[in-house]
Amino acid sequence: MISMQTLSRETATVVRAVARHNIAVALAMLTSFAFLSFSRPAAAMNIQQITSPGGIHAWLVEEHSVPLISLRYAFDGGNSQDPEGKAGVANFITAMMDEGAGNLTSEEYQERMEDISMRMRYDDTKDSLYGSFETLTANRDKAAELLKLSVQKPRFDDDAVERIRQQLIANIIYADKDPSKVAMREWYAQAFAGHPYARPSSGTVETVSKIKRDDLVAYHKRIFARDNLKVVAVGDISPAELGKLIDDVFGGLPAKADLFPVAKVQPLTGGSQCVVEMGVPQSVAVFGLGAMPRKDPDFMAAFVVNHILGGGGFSAKLMEEVREKRGLAYSVYTYIQPDRYTSILVGSVATKNASMGDSLNIIRNEMKKMAENGPTEADLNAAKSYLTGSYALRFDTNSKIASQLLGLMQEGFGPDYVENRNKMIDAVTLADAKRVAARLLKPDDLIVTVVGKPDGMKSEIPAAQSRVAAPTRG
């Protein structure tokens, strides 16, 4: 860990940079110093739960040695809340949030952000719309005012809407030529046919072309609300100061969101294979199946099993069998993705067209072996050692801490999860791993999408449909 004497000396350098108006340089320097200052165990953090005077709940990790504040926040909804026939609205709005707000045009707003080296970004996922915000403590009030305008009063001016629309359409056209992106998009379309998760997150050229300013205004009105909000702050700010800031920024939003109902869903069962032809020298496959929800008692054991199967890089079984022993692919991997309305184990492999069939057969065989036999004691111990030892790396900067804690808030965990997480991994026994491997890994249910010209492969889509539960309010 960096010494306080060194940190004080470096902070003084930053202060001098601010005094010389080199604020952008200062913020970059502070971000680097924040990385050093947080080189400590995750469990040692003091995570405070606060409630603002206006009733907004937030988590706070105070760190006053560096004059920098990182804020992460999320609104439930994401692109699963896109209106029917207009996929891409959530993605569109994330690109519009710094394109003018309040009485500031796009150019004026971005100039003021640059003047104070404020960083702001928005992103969308299937279930959430995320915001990130960083500022120097000295500029906190000015930066918070700009953030407030963005959150509460985005302009969505017609000229900015049209300019961003053309950028988004260009991105879609470019992505349509990327086999990895097409494979993942088509995998979701195959696995969740008829459900909002099946829609392309960025939309299509057709749907984005139809999105109007009124669609952005309506989405903002429905989604940006106080009951729909999670907030985490890390850095040089006290609980009282944070309470005032989040009331200023978010307090003027509507009290209640108006979310479309979204049904819980399981991926298609019974197995399927979709081949999308693309003239590329090697094919890309995305493969996956249903997994345990985040709060399932078996989730942590499934997380460990996945690490052994395909999530552990060069130590994973799939990498060993597909790459190391046979040289069929440069990379193959899997991960578990628990979303709000489903959970999946998904992976990918890229290889030359002649080798895709063999690669997928090996992947299925390794899943079958793991399901029938489970991992060895040595594999389990190695996985647990890595997963517990590397956990601290998720908390080595202000922004990483804020992002990790925001994810825990969204999943319904308390701050004590950070301390207990490694204990839960250590508690996974060999019997647990074998039982959960059998429950999780069902090669006959594997959904596969291949993009390219794989030798001897064709689409095989069964008549079975996804099982969709009754709608639940978002």
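Scroll up a little and you will see the structure.
Below or above, wherever it landed, is the structure these notes cover. Given the structure is predicted, the values throughout are model-derived calculations rather than measurements.

**Overview of helix α4 (residues 106-115)**
Thinking step 1. Listed in full, the buried residues belonging to α4 are Ser106, Tyr109 and Met113. One side of α4 carries all its buried residues, which in axial view fall inside an arc of 70°. Opposite its buried face, α4 presents the exposed residues Glu107, Glu114 and Asp115, each directed more than 90 degrees away.
Thinking step 2. The inward-facing, buried residues of α4 contact β4 (119-124), α5 (140-152) and α6 (158-175).
Thinking step 3. The first or second residue beyond α4 is Ser117, which carries a positive phi of 50°.

**Some remarks on the nonpolar core**
Soluble, globular proteins show a tendency: their nonpolar side chains are buried together.
Thinking step 1. Judged by nonpolar contacts, the single largest core of 62 residues is most densely connected at Phe287, Val349, Leu360, Leu405 and Leu441.
Thinking step 2. In terms of residue count, the dominant contributor to this core is helix α11 (residues 299-311) (8 residues).
Thinking step 3. Shared between two domains, this core holds at least three residues of each, these being domain 1 (47-251) and domain 2 (272-452).
Thinking step 4. Formed by 54 residues, the second largest nonpolar core is a distinct cluster that contains Leu104, Met113, Ile116 and Tyr122.

**A short note on the environment of Arg121**
Thinking step 1. By secondary structure assignment, the location of Arg121 is in strand β4.
Thinking step 2. Each C-alpha atom, one on Arg121 and one on Glu134, is 9.5 Å from the other, the two residues being 13 residues apart in sequence.
Thinking step 3. Among all residues touching Arg121, those that are not within four sequence positions of it are Tyr130, Gly131 and Ser132.
Thinking step 4. At 2.8 Å, the side chain of Arg121 and the side chain of Asp123 are in polar contact.

**Structural notes on the pattern of salt bridges**
Thinking step 1. Scanning the entire structure with this criterion turns up 27 salt bridges.
Thinking step 2. The residue Glu162 makes a salt bridge to Arg165 at a minimum N-O spacing of 2.9 Å. Placement of both Glu162 and Arg165 in helix α6 is noted, with a separation of 3 residues, approximately one turn of the helix.
Thinking step 3. Classification of Glu162 by relative accessible area gives partly exposed; the value is 40%.
Thinking step 4. The residue Arg435 makes a salt bridge to Asp298 at a minimum N-O spacing of 2.9 Å. Residue Arg435 is located in helix α17 (residues 430-440), and its partner Asp298 is located in the loop between β9 (282-290) and α11; the two are separated by 137 residues in the primary sequence.
Thinking step 5. Asp298 sits in the buried class, given a relative accessible area of 11%.
Thinking step 6. Linked through salt bridges whose partners overlap, the residues forming this network are Asp296, Asp298, Asp432, Arg435 and Arg439.

**Concerning the sheet that holds β4**
Within a sheet, adjacent strands bond to each other through the backbone by hydrogen bonds, running parallel or antiparallel.
Thinking step 1. Ordered by their spatial adjacency, 6 strands build an open sheet running β1-β2-β6-β3-β5-β4, and the pairing between neighbours is mixed. Looking at which strands have only one partner, the edges of the open sheet turn out to be β1 (48-51) and β4. The mean inter-strand angle of the sheet, taken between neighbouring strand axes irrespective of direction, is 20°.
Thinking step 2. Two elements, β1 and strand β2 (residues 57-62), share 4 bridges in a ladder whose sense is antiparallel. Within β2, the residue paired with Thr51 across the bridge is His57.

**Things to note about the packing of α5 against helix α10 (residues 239-250)**
Two quantities define a packed helix pair, namely the angle between the helix axes and the distance between the axes.
Thinking step 1. Where α5 meets α10, the closest approach of the two axes is 8 Å, and the angle between their N-to-C directions is 35°. Taken together, the residues of α10 that come into contact with α5 (itself represented by Arg140, Ala144, Leu147, Lys148, Val151 and Gln152) are Glu241, Leu245, Asp248, Val249 and Phe250.
Thinking step 2. Residue composition of the contact of α5 with α10, grouped by class: 6 nonpolar, 1 polar and 4 charged.

**Digging into the sheet that holds strand β8 (residues 272-277)**
Thinking step 1. Strand order in this open sheet of 5 strands is β8-β12-β9-β11-β10, and the pairing throughout is mixed. The open sheet has two edge strands, β8 and β10 (332-338), and neither has a second partner. Strand-to-strand, the axes of this sheet are offset by a mean angle of 15°, without reference to chain direction.
Thinking step 2. Examined bridge by bridge, β8 and strand β12 (residues 447-452) share 6 bridges and lie parallel to one another. Along β12, the bridge assignment pairs Glu277 with Gly452.

**Focus on the packing of aromatic side chains**
Thinking step 1. Summed over the entire model, instances satisfying the criterion amount to 13 aromatic pairs.
Thinking step 2. Seen from their ring centres, Phe192 and Tyr197 are 5.8 Å apart, and the 85° between their planes marks the pair as edge-to-face. In this pair, the class of Phe192 matches that of Tyr197, namely buried.
Thinking step 3. Members of the aromatic cluster, connected to one another through ring pairs, are Tyr73, Phe75, Tyr122, Phe224 and Phe250.

**Things to note about the side chain of Asn306**
Thinking step 1. For Asn306, the position within the fold is in helix α11.
Thinking step 2. The contact partners of Asn306, leaving out residues within four places of it in the chain, are Gly311, Thr334, Tyr335, Ile336 and Leu345.

**A word on unusual backbone geometry**
Thinking step 1. Phi is positive for Ser117, close to 50°, though the residue is something other than glycine.
Thinking step 2. Residue placement: Ser117 occurs in the loop between α4 and β4.
Thinking step 3. Taking the relative accessible area as the measure of exposure, Ser117 reaches 9% and is therefore buried.
Thinking step 4. Despite not being glycine, Phe156 has its phi angle at roughly 55°, a positive value.

**Details of the pairing of β4**
Thinking step 1. Of the two faces of β4, only the one carrying Met120, Tyr122 and Asp124 is buried; Arg119, Arg121 and Asp123 on the other face are not.
Thinking step 2. Of the pairings in the sheet, the one linking β4 to strand β5 (residues 128-136) comprises 6 bridges and is antiparallel in character. In the sheet register, Asp124 faces β5, and the bridge partner there is Leu129.
Thinking step 3. With antiparallel pairing between neighbouring strands as the criterion, β4 and β5 make up a hairpin whose turn holds 3 residues.

Criteria and thresholds
Residues numbered from 1 in each chain as written. Predicted model: local features only at pLDDT ≥ 70, side-chain atom pairs only at ≥ 80, totals over all residues. Heavy atoms only, no water. Buried < 20%, exposed > 50% of the residue type's maximum accessible area, 1.4 Å probe, protein only. Helix = DSSP H or I, 4+ residues; strand = E, 2+ residues; numbered from the N terminus. Arc of directions from axis to C-beta. Contact = heavy atoms within 4.5 Å. Core = buried A, V, L, I, M, F, W, Y, C linked by side-chain atoms within 4.5 Å. Domains from an automatic or database assignment. Polar contact = N/O pair within 3.5 Å; in protein donor to acceptor, adjacent residues only side chain to side chain. Salt bridge = Lys/Arg side-chain N within 4 Å of Asp/Glu carboxyl O. Pairing = 2+ DSSP bridges. Axes fitted to C-alpha atoms, helices over the stretch in contact; angles between N-to-C directions. Nonpolar A, V, L, I, M, F, W, Y, C, P; charged D, E, K, R; others polar. Phe/Tyr/Trp six-rings, centres within 6.5 Å; stacked < 30°, edge-to-face > 60°.

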